[in-house]
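# Results of the structural survey
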Amino acid sequence: MAKLRRKVIVTTIRWEDTEELTEDQVKRWKTGDELLQDEVHEEVYDEFDLAEDSVSEDIKWPELIEEKQ
């Protein structure tokens, strides 16, 4: 007896956005200073909402699986 088996990798990619940032938050983010960016991220962390998503599939060629008797 034999069968074919294929590997299917399904990935969901999500983009999440916040509401508009304040001028101060934008200014701090643009500094490039990781500590200031971390502050901004913490301030808006709970505000992220789904903006867009997509699903990607990667289907591999089947392989032959033979049962040993």
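For the structure, see preceding data.
Residues numbered from 1 in each chain as written. Predicted model: local features only at pLDDT ≥ 70, side-chain atom pairs only at ≥ 80, totals over all residues. Heavy atoms only, no water.

### Here we look at the overall build of the protein
A count of helices and strands for the protein gives two helices and four strands. What you see in the protein, going N to C, is helices and strands ordered as β-β-α-α-β-β. What you see for the protein is a C-alpha radius of gyration of 23 Å, clearly larger than the 11 Å of a compact globule of 69 residues, by over 25%. Looking at the protein as a whole, 9% of its 69 residues are labelled buried. Partitioning the intrachain contacts of the protein with sequence separation of at least 6 by distance along the chain shows that 82% fall at a separation of at least 24. Total accessible area on the protein is roughly 6,500 Å²; 47% of this is exposed by carbon and sulfur atoms. The protein carries 10 positive and 22 negative side-chain charges, and their two centres are separated by 14 Å. (Helix = DSSP H or I, 4+ residues; strand = E, 2+ residues; numbered from the N terminus. Rg over C-alpha atoms; globule rule 2.2 N^0.38 Å. Buried < 20%, exposed > 50% of the residue type's maximum accessible area, 1.4 Å probe, protein only. Contact = heavy atoms within 4.5 Å. Areas by Shrake-Rupley, 256 points an atom, 1.4 Å probe, with all protein chains shown as cover. Lys, Arg positive; Asp, Glu negative; His and termini not counted. Charge placed at Lys NZ, Arg CZ, Asp CG, Glu CD.)

### Remarks on the pattern of salt bridges
Within this structure, the stated rule accounts for five salt bridges. Two residues, E16 and R14, come together in a salt bridge whose shortest N-O distance is 2.7 Å. Linked through salt bridges whose partners overlap, the residues forming this network are D24, R28, E39 and E43. (Salt bridge = Lys/Arg side-chain N within 4 Å of Asp/Glu carboxyl O.)

### Remarks on the side chain of Q25
Positionally, Q25 belongs in helix 1 (residues 23-30). Looking at Q25, the relative accessible area reads 10%, which means it is buried. With sequence-adjacent residues up to four places away left out, Q25 is seen in contact with V40, E43 and V44.

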